[in-house]
Amino acid sequence: MNPLKPESLCVQAGWAPKKGEPRVLPIYQSTTFKYETSEQMARLFDLEDNGYFYTRLQNPTNDAVASKIAALEGGVGAMLTSSGQAANFYAVFNICQAGDHFVCSSAIYGGTFNLFGVTMKKLGIDVTFVSPDASEEEIGAAFRPNTKCLFGETISNPSLEVLDIEKFARIAHSHGVPLIVDNTFPTPINCRPFEWGADIVTHSTTKYMDGHATSVGGAIVDSGHFDWEAHADKFPGLCTPDESYHGLTYTKAFGKMAYMTKATAQLMRDLGSIQSPQNAFLLNLGLETLHLRMPQHCRNAQRVAEFLQQDERVAWVNYCGLPDNKYYPLAQKYMPKGSCGVISFGLKGGRDVSIRFMDALQMIAIVTHVADARSCVLHPASHTHRQLSDEQLIEAGVRPDLIRLSVGIENADDIIADICQALNQA
Ligand code: PLP
């Protein structure tokens, strides 16, 4: 049979029950797994046999869902994490240690910006943020001899800038390091960064993949393409013996699975942050309809963006599906089927009008969340960034009137009707 297409992978990948086994992926709600001899268990601890022994390292429910995500992205392996934050932390920390440096697009989620710019600096890992729109020469100038990776977000939250993945991959590879891409907003239904040269992909599965706002989670996927051994001096953690694993060298023992095995056997062992099997089960239910939900999010967002653009009470609209958007050409190249359901816009009259508008919404809910089946809205100046003055907001790239609207999969007419009646009251 030919390889399954993405729609079939959403439904079928990861769990192929044999005779008499449950049709639906079971929740292995067990911290531990039984063996018959001490020797069998010892071989697992030495990574000489494959098998489960403790859920902090691996769990069959989690592995089934991870392999579905790996199949969707076209990777060789994946792991689930307890959150998107944990996924991005592990993805970088797996190849960076104290004294190392990495380069990162400045157009990324605020939580990731803080993780990289503040918390990881405290661990001795330095980062340089670069504009994703800067030239290859300008971005290349940020690299140092101790730079270990380049990081970007396919579509940034909340500024909605589209990453030129091929450009970023070229820059990373010309410096002998991998490109890591957070692909949360488009999901592999709309964009598969490995096809454009990315090496590692991360996700906040909390967003569209779960899609129903039930479970916080994350994922890391490896393309298997990056040749760690060719740059062995930069990646001693992968290419030299790991003392905490009896001197095993990940690249020698696991080949294309070296990066994922190290992240599981070393980082997950030492730092925890596993996704609960219950959450992985719910994530799998979300994934089963991802291919149906994403096109509906995109169709609805396109209609809402076009409606907002023609309404004279709206000052500006940012959505890469609009032909006059700065990122329209990149969105067409990397996401021809549609980008995501998140739009940002501002109302004439600024912050006060924005607040009155949001308070008047009836179906669309005010929540600290995006990428949910239900339409939802957030005003960063009043919520996530409320401690900042208008001047500070502008410095941080968040306009005081910016409303982030995550368009759900309801009927677009109802979403627009709710926006209309709220605009009338604002
Ligand atoms: N990456 C992106 C693009 C996000 O939007 C978010 C959260 O909004 C995260 C990572 C962090 O994910 P989580 O909230 O699951 O920790």
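Residues numbered from 1 in each chain as written. Predicted model: local features only at pLDDT ≥ 70, side-chain atom pairs only at ≥ 80, totals over all residues. Heavy atoms only, no water.

## A short note on the nonpolar core
Membership of the largest hydrophobic core comes to 94 residues, with the highest contact counts inside it found for I69, V92, F102, F116, L179, I220 and W228. In terms of residue count, the dominant contributor to this core is helix α11 (residues 258–271) (7 residues). Structurally, this core is a two-domain feature, drawing no fewer than three residues from each of domain 1 (13–285) and domain 2 (293–425). Contacts of V92, omitting those with residues within four sequence positions, involve F102, F116, M120, C149, F151 and I180. Core analysis: the second largest hydrophobic core is formed by 28 residues, L322, I343, F357 and I364 among them. (Core = buried A, V, L, I, M, F, W, Y, C linked by side-chain atoms within 4.5 Å. Buried < 20%, exposed > 50% of the residue type's maximum accessible area, 1.4 Å probe, protein only. Helix = DSSP H or I, 4+ residues; strand = E, 2+ residues; numbered from the N terminus. Domains from an automatic or database assignment. Contact = heavy atoms within 4.5 Å.)

## A few points about the sheet that holds strand β6 (residues 200–204)
Judged by pairing direction, the sheet is mixed, and its 7 strands sit side by side in the order β1-β7-β6-β5-β4-β2-β3 without closing on themselves. Unpaired on one side and paired on the other, β1 (77–81) and β3 (126–130) mark the two borders of the sheet. Pairwise comparison of adjacent strand axes, ignoring direction, gives a mean angle of 20° for this sheet. Across 5 bridges, the pairing between β6 and strand β7 (residues 218–222) is antiparallel. (Pairing = 2+ DSSP bridges. Axes fitted to C-alpha atoms, helices over the stretch in contact; angles between N-to-C directions.)

## A look at the site of the ligand
Lining the immediate environment of the ligand, one finds 14 residues, of which N157, D182, S204, T206 and K207 sit closest. Separating a nitrogen atom of the ligand from a side-chain N or O atom of D182 is a distance of 2.7 Å. In the complex, the protein chains occlude 90% of the 390 Å² of accessible area that the ligand would expose alone. The biggest single contributor to the shell around the ligand is helix α4 (residues 84–93), with 3 residues. (Near = heavy atom within 4 Å. Polar contact = N/O pair within 3.5 Å; in protein donor to acceptor, adjacent residues only side chain to side chain. Areas by Shrake-Rupley, 256 points an atom, 1.4 Å probe, with all protein chains shown as cover.)

## Quick notes on α11
Taking 1.5 Å per residue as the helical rise, α11 with its 14 residues ought to reach 20 Å, and the 18 Å between its terminal C-alpha atoms agrees with that figure. α11 sits mainly inside the fold: 11 of its 14 residues count as buried. On its buried face, α11 is in contact with β1, α4, β6, β7, α9 (236–239) and α10 (250–254). (Expected span 1.5 Å × (residues − 1).)

## Examining the packing of helix α3 (residues 60–73) against helix α12 (residues 277–287)
α12 packs onto α3 with a crossing angle of 35° between their chain directions and a minimal axis gap of 8 Å. Pair α3 / α12 crosses with left-handed handedness. On α12, the residues that touch T61, N62, V65, K68, I69 and L72 of α3 are P277, A280, F281, L283, N284 and L287. Looking at the contact of α3 with α12 residue by residue, the class counts come to 8 nonpolar, 3 polar and 1 charged. (Left-handed = near helix turned anticlockwise from the far one by under 90°. Nonpolar A, V, L, I, M, F, W, Y, C, P; charged D, E, K, R; others polar.)

## Quick notes on the packing of α4 against helix α5 (residues 110–122)
It is at 10 Å that the axes of α4 and α5 come closest, and there the two elements cross at 45°. Taken together, the axes of α4 and α5 lie oblique to each other. The chirality of how α4 crosses α5 is right-handed. Note on element contacts: α5 touches α4 through G111, T112, L115, F116 and M120, opposite Q85, N88, F89, V92 and F93. (Parallel < 35°, antiparallel > 145°, perpendicular 65-115°, else oblique.)

## What to know about the packing of aromatic side chains
Applying the stated criterion to the full structure yields 14 aromatic pairs. Both rings, one in F89 and one in F93, keep their centres 5.0 Å apart while their planes meet at 15°; by these two values the pair is stacked. Here F89 pairs with F93, and both are found in helix α4, just 4 residues apart, close to one helical turn. Looking at F93, the relative accessible area reads 24%, which means it is partly exposed. Between the aromatic rings of F345 and F357, the centroid separation amounts to 5.9 Å while the plane-to-plane angle is 80°, which identifies the pairing as edge-to-face. Of this pair, F345 sits in strand β9 (residues 342–347) while F357 sits in helix α15 (residues 350–360); the two residues are 12 residues apart in sequence, bridging distant segments of the chain. (Phe/Tyr/Trp six-rings, centres within 6.5 Å; stacked < 30°, edge-to-face > 60°.)

## A closer look at the domain arrangement of the protein chain
Parsing the protein chain into structural domains produces domain 1 (13–285) and domain 2 (293–425). Once you take the C-alpha centre of each, domain 1 and domain 2 turn out to be 30 Å apart. The interface is formed by 29 residues belonging to domain 1 together with 28 residues belonging to domain 2. For the pair domain 1 and domain 2, the interface holds 2 salt bridges. (Salt bridge = Lys/Arg side-chain N within 4 Å of Asp/Glu carboxyl O.)

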